[in-house]
Structures are given as C-alpha cells and as structure tokens.
Amino acid sequence: MTLRLGTRGSALALTQSQMVADALTAATGRPVELVRIVTPGDRSSAPVAQLGVGVFVSALRDALLAGEIDFAVHSYKDLPTAEPPSLHIAAVPVREDPRDALIARDGLTLAELPPGSTIGTGAVRRIAQLHALGLELQVTPIRGNVDSRIARVLGPEADLDAVVLARAGVARLGRFAEITETLDPMLMLPAPAQGALAVECRADDTDLIELLSVLDHAPTRAAVVAERSMLATLEAGCSAPVAAHAEIAEGDDGDEIYLRGAVISLDGVRAVRLSRTGTPAGAAEIGKALAIDLLDAGADTLMGSTE
C-alpha cells in the first residue's frame, strides 16, 4: 500500500520530502507519494516574526490528524516546541550542515562587503547577529523561497548586495556553488534544529512509527533535542533572536554533547552567550540547564523585541 507523505509545495519542501520518500522506499520497499498541502505561511507575504510559531506546520498537522496523509516532513526548526500528544516525531534523519551561508555579489565574503552594503535575511536571529558584528551593513528583512532570495543578489533584477540563509536549504536545492561564504558559528550561531528534518505521524499509528524509525539518526536527534529543549525552556518561539548549536564528539568516557546557546538583542548591542556539556542521553536536561543559565544572565530582557 502506497504511503501518503504531506509536504509544503515549495521547491525546498518538495526536495526534502522526496529525499525522505526515496530513503524510506529504499530501506523498506514501501512506495510513497507526495501530497502537497498549502499552509497559511505560504499564502502570506508578512514577515515570519509577525506570522507566529508554527505557521508553516499547522496545515500539515491538520491533514495528518484528518487522515488525509499518513506522515509529514517538516523543517524541524519550524516546529513549535510543544508537541501535540496525538502526534509523534517518528524519525529525525541525518542532519545537513546547520550553519548559515552568505551569497553575495562578486563572490564577496561578509568581511569584504563594503560599509553600507544591503544584506537581506528573514530571521530576527540573523538580523541581530549581523548587527552585533558591527560591519556597518544595511540589514533588510526579506521573505520568499530560496530561489527568490538568491535572485535578489544574482538575478537580472538584483536589488541586494547579499543574503544570508540556511546552508542546508541551498545545498539540498543543488545551488551550493553560489555560496560565497559558510559562516562560522562563532560569527553566526544557527537557529535551534537548523538543517534537521522531522518526520511526523499520528501517535497511535504504531506500525508506521516502527517503519519510519529506520530513518532515525540518533546523534542528530540528540543534538536537536538539546537545542530545542533550550528554546522551550526560554519560552521563545522560532522567530525570537535565539540561537543554539549542539555538536556531538567522542569524549574520554564516550560521546559528549557540546551545546552553545545565545540570546541577542535585535539591535545587536547586547548578547548573552553560554555553553554546556553532557551526554547524549541527557540532551534534554543539558538544553534546559543552559536555558536557565542564560535566563540567570539576563537573557529574558533581550527577547521582548522581535518586531
């Protein structure tokens, strides 16, 4: 029986969903068909920060609960941190590089952009960190899919000097060659769960949960759990100026998680940046502890302005 995979209709969403569909068919032999779902976020041109958490997710989840699709693929960073009890993240596949990428005119890097250059991005997290670098750049909030954003720099009607967007999306669309700089997390810490996918189904569909589990990558899941646990404890949405990046490396007593987190004021003037380490088994606790550390250091005063 063919499984129905719900997906947004953007080129990136379709590419990501097809990757998951192909991997599942290769691993289990089950055929998968893609079902396109239009979300409120796709119909709006308003800034993401104004649309609210989960705007790209709700329609997919509604279709899932209504039985119109069997499972859905989300960009994990778009998911609200509170998971509905009726749904279950059955798999978190291997993560693409979570870093941010710069695409600039004339092959320029961030440091090479002249003062006054216009740089576009849709995330308040990136806007805040760009301001924090003190490079005298004009940062412009933008919306649109990956292709349309790149066109604003490299297209015939280009009106920006550069854009910053998730490296994972650019790579998945086969446009990696247009990246002029992959940004070091020390300069631009990624969004929690950036580059990761969430494969979601109904919580009572135990057979499908077992089937989808072949796609799960334990190190990716642990890293994402740590990052999103930090985000949830901060009670900040995916549009707040919050950044997190967890890495898993071999330690003296087995694998360890190294989690870095930051909360930055939108103008970039103030920031709280801290880190924590622990074991993959304690990923959620590491994220929670780091969030408490950040709050104790005054991070709550930096999250109020996300307009």
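Refer to the structure presented above.
What you see is a predicted model, and the numbers here were worked out from it, not measured in a lab. (Residues numbered from 1 in each chain as written. Predicted model: local features only at pLDDT ≥ 70, side-chain atom pairs only at ≥ 80, totals over all residues. Heavy atoms only, no water.)

> What am I meant to see in the overall build of the protein chain here?
Within the protein chain one finds 10 helices and 13 strands. Its C-alpha atoms give the protein chain a radius of gyration of 19 Å, within 12% of the compact-globule value 19 Å for 307 residues. Dimensions of the protein chain, computed from C-alpha atoms along their principal axes, come out at roughly 60 × 50 × 35 Å. Out of the 307 residues belonging to the protein chain, those deemed buried represent 49%. Residue pairs at least 24 apart in sequence account for 67% of intrachain contacts in the protein chain once pairs closer than 6 positions are excluded. (Helix = DSSP H or I, 4+ residues; strand = E, 2+ residues; numbered from the N terminus. Rg over C-alpha atoms; globule rule 2.2 N^0.38 Å. Buried < 20%, exposed > 50% of the residue type's maximum accessible area, 1.4 Å probe, protein only. Contact = heavy atoms within 4.5 Å.)

> Hey, could you run me through the packing of helix 9 (residues 218–234) against helix 10 (residues 283–296) in this one?
Each pair of packed helices can be described by the angle between their axes along with the distance between the axes. Their axes nearest at 7 Å, the elements helix 9 and helix 10 cross at an angle of 35°. In this structure, helix 9 meets helix 10 at a crossing whose hand is right-handed. Across from Ala222, Val225, Ala226, Ser229, Met230, Thr233 and Leu234 in helix 9, the residues of helix 10 making contact are Ala283, Ala284, Gly287, Lys288, Leu290, Ala291, Ile292, Leu294 and Leu295. Residues of the contact of helix 9 with helix 10, tallied by class, amount to 12 nonpolar, three polar and one charged. (Axes fitted to C-alpha atoms, helices over the stretch in contact; angles between N-to-C directions. Left-handed = near helix turned anticlockwise from the far one by under 90°. Nonpolar A, V, L, I, M, F, W, Y, C, P; charged D, E, K, R; others polar.)

> So what exactly am I meant to see when it comes to the pattern of salt bridges here?
Between side chains of opposite charge, pairing is possible as soon as their charged atoms come close. One pass over the full model with this rule turns up 17 salt bridges. Arginine 202 serves as the salt-bridge partner of aspartate 70, at 3.9 Å between the closest nitrogen and oxygen. Highlighted residues: aspartate 70 in the loop between helix 4 (58–65) and strand 3 (71–75) and arginine 202 in strand 10 (residues 197–202), separated in sequence by 132 residues. Overall, the relative accessible area of 8% leaves aspartate 70 in the buried class. As a salt-bridge pair, arginine 276 and aspartate 293 come within 2.8 Å of each other at their nearest N and O atoms. Placement of arginine 276 in strand 13 (residues 271–278) and of aspartate 293 in helix 10 is noted, with a sequence separation of 17 residues between them. Since its relative accessible area comes to 23%, aspartate 293 is described here as partly exposed. (Salt bridge = Lys/Arg side-chain N within 4 Å of Asp/Glu carboxyl O.)

> Explain the environment of alanine 243 to me, please; I cannot follow it from the model alone.
Relative to the assigned elements, alanine 243 resides in strand 11 (residues 242–251). Residue classification places alanine 243 among the buried residues on the basis of a relative accessible area of 0%. With 95 residues separating them in the primary sequence, alanine 243 and serine 148 have C-alpha atoms 25 Å apart. In contact with alanine 243, other than residues within four places in its own chain, are Arg125, Gln129, Leu189, Pro190, Pro192, Met230, Arg260, Gly261 and Ala262.

> How should helix 4 be read in this particular structure?
Along an α-helix, residues three or four apart share an orientation, since each turn contains 3.6 residues. Taken residue by residue, helix 4 has Ala59, Leu60, Arg61, Ala63 and Leu64 as its buried positions. Positive backbone phi, approximately 80°, marks glycine 67, located one or two places after helix 4.

> Where do I start with the sheet that holds strand 7 (residues 138–141) in this structure?
The strands making up a sheet are joined through hydrogen bonds of the backbone, oriented either antiparallel or parallel. Taken together, five strands build an open sheet; the order of strands is 7-6-8-5-9 and the sheet is mixed. The outermost strands of the open sheet, each flanked by one partner alone, are strand 7 and strand 9 (181–182). (Pairing = 2+ DSSP bridges.)

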